[in-house]
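Summary of structural features
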Amino acid sequence: MTGATALPVDWAALAAEIARVVGVRPHRDEPMARHTTMRVGGPADLLATAHDVGQLSALVRFAREAAIPHLVVGRGSDLVVSDAGVRGLVVLCRAEGHSIQGERLIAEAGLPLARAATVAQRAGLSGLEFGLAIPGTVGGAVWANAGAHGSDMAGILESALILRADGVVADEPAAALALVYRDSRLKLIGQGSVASGGPAEVVLQATFRLTPANPAEIKGRLDEIRRWRQEHQPINLPSAGSVFRNPPGDSAGRLIDACRLKMTRVGGAAISEMHANFIVNDRQGSAADVRHLAEMARAEVARRFGIELVYEVKFVGDWSNWGQEER
Ligand SMILES: Cc1cc2nc3c(=O)[nH]c(=O)nc-3n(C[C@H](O)[C@H](O)[C@H](O)COP(=O)(O)OP(=O)(O)OC[C@H]3O[C@@H](n4cnc5c(N)ncnc54)[C@H](O)[C@@H]3O)c2cc1C
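Rules used throughout
- Residues numbered from 1 in each chain as written.
- Predicted model: local features only at pLDDT ≥ 70, side-chain atom pairs only at ≥ 80, totals over all residues.
- Pairing = 2+ DSSP bridges.
- Helix = DSSP H or I, 4+ residues; strand = E, 2+ residues; numbered from the N terminus.
- Axes fitted to C-alpha atoms, helices over the stretch in contact; angles between N-to-C directions.
- Contact = placed C-beta atoms within 7 Å.
- Domains from an automatic or database assignment.
- Nonpolar A, V, L, I, M, F, W, Y, C, P; charged D, E, K, R; others polar.
- Near = placed C-beta within 6 Å.
- Buried ≥ 20, exposed ≤ 12 C-beta atoms within 10 Å, placed from the backbone.

**Considerations on the pairing of strand β12 (residues 169-173)**
In this structure, strand β11 (residues 157-163) lies alongside β12, joined through five bridges in antiparallel fashion. Looking across to β12, one finds that alanine 160 is bridged to glutamate 172. With antiparallel pairing between neighbouring strands as the criterion, β11 and β12 make up a hairpin whose turn holds five residues, including glycine 167 at a positive phi of roughly 90°.

**Some remarks on the sheet that holds strand β2 (residues 43-50)**
Judged by pairing direction, the sheet is mixed, and its four strands sit side by side in the order β1-β2-β5-β3 without closing on themselves. This sheet does not close on itself; its edge strands, each paired only once, are β1 (27-31) and β3 (70-73). Looking at each pair of strands side by side, their axes are set apart by 40° on average, direction ignored. Helix α1 (residues 11-22) rests against β1 and β2 of the sheet, and its axis sits at about 5° to β2.

**Looking at the domain arrangement of the protein chain**
Here the domain parsing of the protein chain yields domain 1 (11-93), domain 2 (98-232) and domain 3 (252-316). Distance between the C-alpha centres of domain 1 and domain 3: 28 Å. Among the elements that line the side of domain 1 that touches domain 3, the one with the most residues is strand β4 (residues 79-81), at three residues. Tallied by class, the residues present in the side of domain 1 that touches domain 3 amount to seven nonpolar, two polar and three charged.

**What to know about the site of the ligand**
Near the ligand there are 37 residues, and of these Gly74, Gly136, Gly139, Gly140 and Gly241 occur at the shortest range. Where the shell around the ligand is concerned, the elements lending two or more residues are β3, α4 (138-144), β9 (147-148), α6 (185-191) and β13 (202-209). Looking at which element gives the most residues to the shell around the ligand, the answer is α4, with five residues. Partitioned by chemical class, the residues of the shell around the ligand number 20 nonpolar, 14 polar and three charged. Each of domain 1 (11-93) and domain 2 (98-232) contributes no fewer than three residues to the shell around the ligand.

**Digging into the pairing of β2**
Counted residue by residue, β2 has eight buried out of eight residues, so it is predominantly covered. Relative to β2, β1 is paired through four bridges, and the arrangement is antiparallel. Bridge assignment links glutamate 30 to a residue of β2, and that residue is alanine 44. Both β2 and strand β5 (residues 86-93) contribute to a ladder of six bridges, which runs parallel. Residue alanine 48 lies in a different strand from β5, and its bridge partner there is valine 91.

**A few points about the sheet that holds strand β6 (residues 98-101)**
Spatial strand order, β6-β7-β13-β11-β12: five strands in an open sheet with antiparallel pairing. Each edge of the open sheet is held by one strand with a lone partner, namely β6 and β12. This sheet shows a mean twist of 15° between the axes of neighbouring strands, independent of strand direction. Pairing between β11 and β13: six bridges, direction antiparallel. Residue pairing across strands places serine 159 opposite threonine 207, the latter belonging to β13. In this fold helix α2 (residues 53-65) packs onto β7 (104-108), β11, β12 and β13, with an angle of close to 145° to the strand it touches most, β13. Helix α3 (residues 113-122) rests against β6 and β7 of the sheet, and its axis sits at about 150° to β7.

Okay, here's the thing in structure tokens:
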């Protein structure tokens, strides 16, 4: 997502045009804090909710054709949205349709991964249990090759329906999506598409190939994962999960903890006492609080260990004035 657009935009007229063409009425100046698990983020100029794959692709196509900066958001569980908010159109993905076909779960991009895990469990299909712990959507999880407890999307994804940058909708085999540790083709192409705003490619739907198993045994594994998360992660406080990627052979949490930074605070945000790679927004902090704290941890790890931590969370929106605000 870019910062300021070059020309003044009549957002009300644009919202009316989107409603006319796509059949979805966008909200104006919608606070993004309502749509991120970190609970930070200023207003989006326009926010439109897609309730099915048709609306998702129509909204993205509209934005592309009108050259409006746009950002697809799932559950906002990997995002830190700036306090200045997002210029352009946010497409909130709530396309949650799904079906079981034999050993396959076919899910629209907005289906929460935790729900996908329980749908699969009830159908006696194993492989998606790790999804219970990831508070994102199917689309966001494919984008990130999300994973936990020794599994990831790459292990179960058979194919994904992609709205490509060239406008073609293609059912792509997982092998074509270059899924590696917390990365995918979508993520890498998206990073190169700042000028156009949102991701250059959009996940519309995913097909997971799972393994038949006893539903009671799968439920046992889901319960174990739930317990483990409750004991090891501050899941009851606003956060965006792991702030940094684990550097090769080490853990970002261990390095930050070794700098004795647990419970260090900037404004309303603090490094979690439970897990040093989590920043929790426990006192209604700002996006700037979160970013300052993360930068402080990053600088301290670099100073003490000579390791440059790489962000796992994505900073989006208008950060053009970041660092210049009064503290
Ligand atoms: C408490 C907590 C625990 C977490 N634990 C884990 C964990 O164990 N493992 C893990 O991998 N992650 C974890 N995360 C991070 C996060 O949940 C995942 O990265 C998740 O996959 C993000 O999905 P989302 O729908 O929230 O994406 P968002 O945060 O909404 O978006 C992230 C990016 O994905 C893009 N995107 C979203 N939907 C689409 C789509 N349909 N097509 C193309 N691009 C899209 C967005 O444009 C954005 O760039 C955790 C987060 C929290 C808050």
